[in-house]
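Architecture and fold: a report
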Amino acid sequence: MLTYILSEINGDEYIYIYYPDGNKNAPGKVGLSKNGEKRIIEESSQDFGRRYANHAMNGIDISKESGTVAWY
């Protein structure tokens, strides 16, 4: 599970800060574009193997400013 919040919008890219397991002490940052482009801007110190970053890039809905992504 991760929580996320919209940090800024740069042109067509939405920059989100994500928190693995809601841990505000270990943020990561991803960029998502309307055209489908995705990138990791900053990895979380708690994100071994980029699992949380990948869930963030595939689970965040850019129409929302904040939310939660959960998986099993």
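Note: the structure precedes this text.
Residues numbered from 1 in each chain as written. Predicted model: local features only at pLDDT ≥ 70, side-chain atom pairs only at ≥ 80, totals over all residues. Heavy atoms only, no water.

**Some points on the side chain of D47**
Mapped onto the fold, D47 is located in the loop between β4 (38-42) and α1 (51-59). One buried charged residue, D47, remains without a salt bridge, the closest side chain of opposite sign being R51 at 6.7 Å. Here the side chain of D47 touches Y52 through a polar contact of 2.9 Å, landing on its backbone nitrogen. Those residues in contact with D47 that sit more than four places away from it in its chain are Y18, Y52 and A53. (Helix = DSSP H or I, 4+ residues; strand = E, 2+ residues; numbered from the N terminus. Buried < 20%, exposed > 50% of the residue type's maximum accessible area, 1.4 Å probe, protein only. Lys, Arg positive; Asp, Glu negative; His and termini not counted. Salt bridge = Lys/Arg side-chain N within 4 Å of Asp/Glu carboxyl O. Polar contact = N/O pair within 3.5 Å; in protein donor to acceptor, adjacent residues only side chain to side chain. Contact = heavy atoms within 4.5 Å.)

**Describing the sheet that holds strand β3 (residues 28-33)**
Here we have five strands laid out as an open sheet, ordered β4-β3-β2-β1-β5, and antiparallel in their pairing. Both outer strands of the open sheet, β4 and β5 (66-69), are each paired with one neighbouring strand and no more. Strand-to-strand, the axes of this sheet are offset by a mean angle of 30°, without reference to chain direction. (Pairing = 2+ DSSP bridges. Axes fitted to C-alpha atoms, helices over the stretch in contact; angles between N-to-C directions.)

**Thoughts on the pattern of salt bridges**
Where charged atoms from two side chains of opposite charge approach closely, those side chains can pair. As enumerated under the stated definition, the model contains two salt bridges in all. Between E13 and R39 there is a salt bridge whose closest N-O contact spans 2.7 Å. Of this pair, E13 sits in strand β2 (residues 13-20) while R39 sits in strand β4, and the two are 26 residues apart along the sequence. In this structure E13 comes out as buried when scored by relative accessible area, which is 12%.

**A closer look at the environment of A56**
Assignment of secondary structure puts A56 in helix α1. A56 sits 25 residues away from G31 along the chain, and the two C-alpha atoms are 9.6 Å apart. Those residues in contact with A56 that sit more than four places away from it in its chain are L2, Y18, V30 and L32.

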